[in-house]
Amino acid sequence: MVDLKSQYQKIKTEVDAGIQEVLNTTAFINGPAVKEFQTDFETYLNVKHVIPCANGTDALQIAMMALDLKSGDEVITASFTYVATAEVIGLLGLTPVLVDVYENTFDINIEAIEKAITPKTKAIVPVHLFGQCADMERIMVLAKKHNLYVIEDVAQAIGADYTFSDGKKAKAGTIGTIGCTSFFPSKNLGCYGDGGAIYTNDDALAKKSRMIAHHGQSVQYVHDVLGVNSRLDTVQAAVLKVKLKHLDEYAAARNKAASYYDKALANHPKLKIPARAKNSTHVFHQYTLQLNGVDRSKLREQLAERGIPAMIYYPIPLHEQNAFKSDRFKKGDFPITEKLCATVLSLPMHTEMDEETLKYICTNLIELVN
Ligand SMILES: *Cc1c(COP(=O)(O)O)cnc(C)c1O
């Protein structure tokens, strides 16, 4: 699905030098590269604060802790997402309120959010799924009206640009109260292990998030609140510093591959190519088709036999997972999510796709579904 090896070969000299420097100085924790990457990333995102942490799941948890969400508070998110989004909500004793998504863009359904709001609702967690932004302008209007926090899960959409109706642009994750991202190796800005970050323009929230990520510590050995231990290690920061410089180029390469897929697969009665959101650029974390009248398991097997990987993100909606069992929702409640879970198929997508590979994938896919 991804080709991290070829990508590494192209930046090997720089990455190796960055890692070697960490080894030479043995500043494995909080070495200079962490702060350097943080500053570079703040500039790239045009956001006041980036707080690096250990992974994307921690970023979400720290954000919710920093916002002082308490047991019984309701947090609205999509049922069609990666488990981490809702997992931290449950883990903190908050109540995950799942809602459906839009069939075309896979993003959280705004009307469904509005319907789910109660006096206990404290936050909305839009997930910028597969690489493009949810409808942030409408979400922000709704949040303002009901006095809710917006926690953007930007793990799959680092670098995507959202355009407001007045023409203003902002990077995904910098629009809501707080943004949370992941640098897992296969993410669009991936390091060589685990990593994550929180973004915010709010000074107090930044200070609190940083404190929570470091054992609730304001000054060394002074602990004001209960925190966690969540750091981006220096080796990962050194890798990210190099890769950040290439991020826009990586997004362009992904878009080029997506355009090839679009042209080759459009207008096929059994394949629906991914729709583009109106106000967002797409960074194609995933290129996800919807199949129509195709035996998906069989197709995956046949593709695999021809050396073509294809993945299902995500096969089971959160509201059907045992971990999220609740009398609030049951199978059948979110028909779009359920339909997507049964029909989506993601094709290989990364920064090193060449035309020959794309052609091979498309030709074989069309032959197999025909
Ligand atoms: C990857 C991912 C996360 C979690 O990130 P980790 O770094 O693996 O903890 C959260 N939300 C979404 C949507 C993701 O894709």
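Keep in mind that what you see is a predicted model, and the values were worked out from it rather than measured. (Residues numbered from 1 in each chain as written. Predicted model: local features only at pLDDT ≥ 70, side-chain atom pairs only at ≥ 80, totals over all residues. Heavy atoms only, no water.)

Asks: How should the overall build of the protein chain be read in this particular structure?
Replies: Within the protein chain one finds twelve helices and 14 strands. Since a compact globule built from 370 residues should have a radius of gyration of about 21 Å, the 21 Å found for the protein chain is in line with a globular shape. By principal-axis analysis of the C-alpha atoms, the protein chain measures approximately 65 × 55 × 45 Å. For the protein chain, with 370 residues in total, the buried portion stands at 54%. At a minimum sequence separation of 6, the contacts of the protein chain that also span at least 24 residues come to 72%. By element, 53% of the accessible surface of the protein chain is carried by carbon and sulfur atoms, the whole surface being about 16,500 Å². A gap of 2 Å separates the mean positions of the 40 positive and 43 negative side-chain charges of the protein chain. (Helix = DSSP H or I, 4+ residues; strand = E, 2+ residues; numbered from the N terminus. Rg over C-alpha atoms; globule rule 2.2 N^0.38 Å. Buried < 20%, exposed > 50% of the residue type's maximum accessible area, 1.4 Å probe, protein only. Contact = heavy atoms within 4.5 Å. Areas by Shrake-Rupley, 256 points an atom, 1.4 Å probe, with all protein chains shown as cover. Lys, Arg positive; Asp, Glu negative; His and termini not counted. Charge placed at Lys NZ, Arg CZ, Asp CG, Glu CD.)

Asks: Please clarify how the sheet that holds strand S3 (residues 95-99) should be interpreted in this entry.
Replies: The strands making up a sheet are joined through hydrogen bonds of the backbone, oriented either antiparallel or parallel. The strand order across the open sheet built from seven strands is S1-S9-S8-S5-S4-S2-S3, with neighbouring strands paired in mixed fashion. If you trace the sheet from one side to the other, it starts and ends with strand S1 (49-53) and S3, each paired once. Between one strand axis and the next, the sheet turns by 25 degrees as a mean value, whatever way the strands run. Across three bridges, the pairing between strand S5 (residues 149-153) and strand S8 (residues 178-182) is parallel. Considered in S8, the bridge of Ile151 is made with Ile178. Where helix H2 (residues 32-45) meets the sheet, it contacts S1 and strand S9 (196-200), and its direction lies at approximately 135 degrees from that of S1. (Pairing = 2+ DSSP bridges. Axes fitted to C-alpha atoms, helices over the stretch in contact; angles between N-to-C directions.)

Asks: What should I look at first to understand empty space enclosed by the protein in this one?
Replies: Empty pockets left among the atoms are what a rolling probe the size of a water molecule brings to light. Enumeration according to the criterion identifies two cavities of 30 Å³ or more in this entry. The calculated volume of the largest cavity comes to roughly 80 Å³. Considering the residues around the largest cavity, the lining is formed by Val2, Asp3, Leu4, Gln7, Pro185, Ser186, Lys187, Asn188, Lys243, Arg254, His350 and Thr351. Here the residues of the lining of the largest cavity sort into three nonpolar, five polar and four charged. Each of domain 1 (4-100 + 107-244) and domain 2 (247-369) contributes no fewer than three residues to the lining of the largest cavity. Taken as a whole, the second largest cavity spans an internal volume of roughly 40 Å³. Taken together, Thr105, Phe106, Leu129, Phe130, Gln132, Pro274, Ala275, His282, Gln286 and Thr288 make up the lining of the second largest cavity. Tallied by class, the residues present in the lining of the second largest cavity amount to five nonpolar, five polar and no charged. Mapped onto the domain boundaries, the lining of the second largest cavity takes at least three residues apiece from domain 1 (4-100 + 107-244) and domain 2 (247-369). (1 Å grid on protein atoms, 1.4 Å probe; cavity = no way out; pocket = protein on both sides within 12 Å on 5 of 7 lines; lining within 4 Å. Points joined across faces, edges and corners; volume = space filled by probe spheres on them. Nonpolar A, V, L, I, M, F, W, Y, C, P; charged D, E, K, R; others polar. Domains from an automatic or database assignment.)

Asks: Which parts of the structure should I look at to understand the site of the ligand?
Replies: In the neighbourhood of the ligand, 14 residues make up the surrounding shell, with Gly56, Thr57, Asp153, Ser182 and Lys187 lying closest. In this structure, an oxygen atom belonging to the ligand sits 3.5 Å away from a side-chain N or O atom of Asn55. Measuring from an oxygen atom of the ligand, one finds a side-chain N or O atom of Ser182 at 2.7 Å. If the ligand stood free it would expose 380 Å²; the protein chains cover 92% of that surface. (Near = heavy atom within 4 Å. Polar contact = N/O pair within 3.5 Å; in protein donor to acceptor, adjacent residues only side chain to side chain.)

Asks: How should helix H11 (residues 335-343) be read in this particular structure?
Replies: For an α-helix, 3.6 residues make a turn, and residues three or four places apart therefore share a direction. Among the residues making up H11, those that are buried are Thr337, Glu338, Leu340, Cys341 and Thr343. In this fold, the buried residues of H11 make contact with strand S13 (287-291), helix H10 (296-305) and strand S14 (344-347).

Asks: How should I be thinking about the domain arrangement of the protein chain in this particular structure?
Replies: Bring the parts together and some accessible area is lost; that lost area is often taken as the interface size. Partitioning the protein chain into structural domains gives domain 1 (4-100 + 107-244) and domain 2 (247-369). Relative placement of domain 1 and domain 2: their C-alpha centres are 24 Å apart. In total, domain 1 and domain 2 occlude about 3,200 Å² of area from one another, counting both sides; carbon and sulfur atoms represent 56% of this. At the surface where domain 1 touches domain 2, the tally comes to two salt bridges. For Arg328, the salt bridge identified is with Glu74, shortest N-O distance 2.9 Å. Seen at the junction of domain 1 and domain 2, the total is 21 residue pairs in polar contact (both at pLDDT 80 or more). (Buried area = accessible area lost by both parts, 1.4 Å probe. Salt bridge = Lys/Arg side-chain N within 4 Å of Asp/Glu carboxyl O.)

Asks: I keep staring at the pairing of S3 and nothing clicks. Help me out?
Replies: Strand residues, when the strand is regular, have side chains that alternate between the two faces of the sheet. Of all five residues making up S3, four are buried, and the element is well covered by its neighbours. Alignment of strand S2 (residues 74-78) against S3, held across five bridges, turns out to be parallel. Its bridge partner lying in S3, Ile76 is registered against Val97.

Asks: Is there a simple way to think about the packing of aromatic side chains in this case?
Replies: The geometry of an aromatic ring pair is captured by the separation of the ring centres together with the interplanar angle, meaning the angle of the planes. Applying the stated criterion across every chain, the model contains 16 aromatic pairs. Ring centres of Tyr8 and Tyr192 lie 5.9 Å apart, and the angle between their planes is 85 degrees; on these two criteria the pair is classed as edge-to-face. Placement of Tyr8 in helix H1 (residues 4-25) and of Tyr192 in the loop between S8 and S9 is noted, with a sequence separation of 184 residues between them. For Tyr8, a relative accessible area of 22% puts it in the partly exposed group. Taken together, the ring pairs connect Phe80, Tyr82, Phe106, Phe130, Tyr313 and Tyr314 into an aromatic cluster. (Phe/Tyr/Trp six-rings, centres within 6.5 Å; stacked < 30°, edge-to-face > 60°.)

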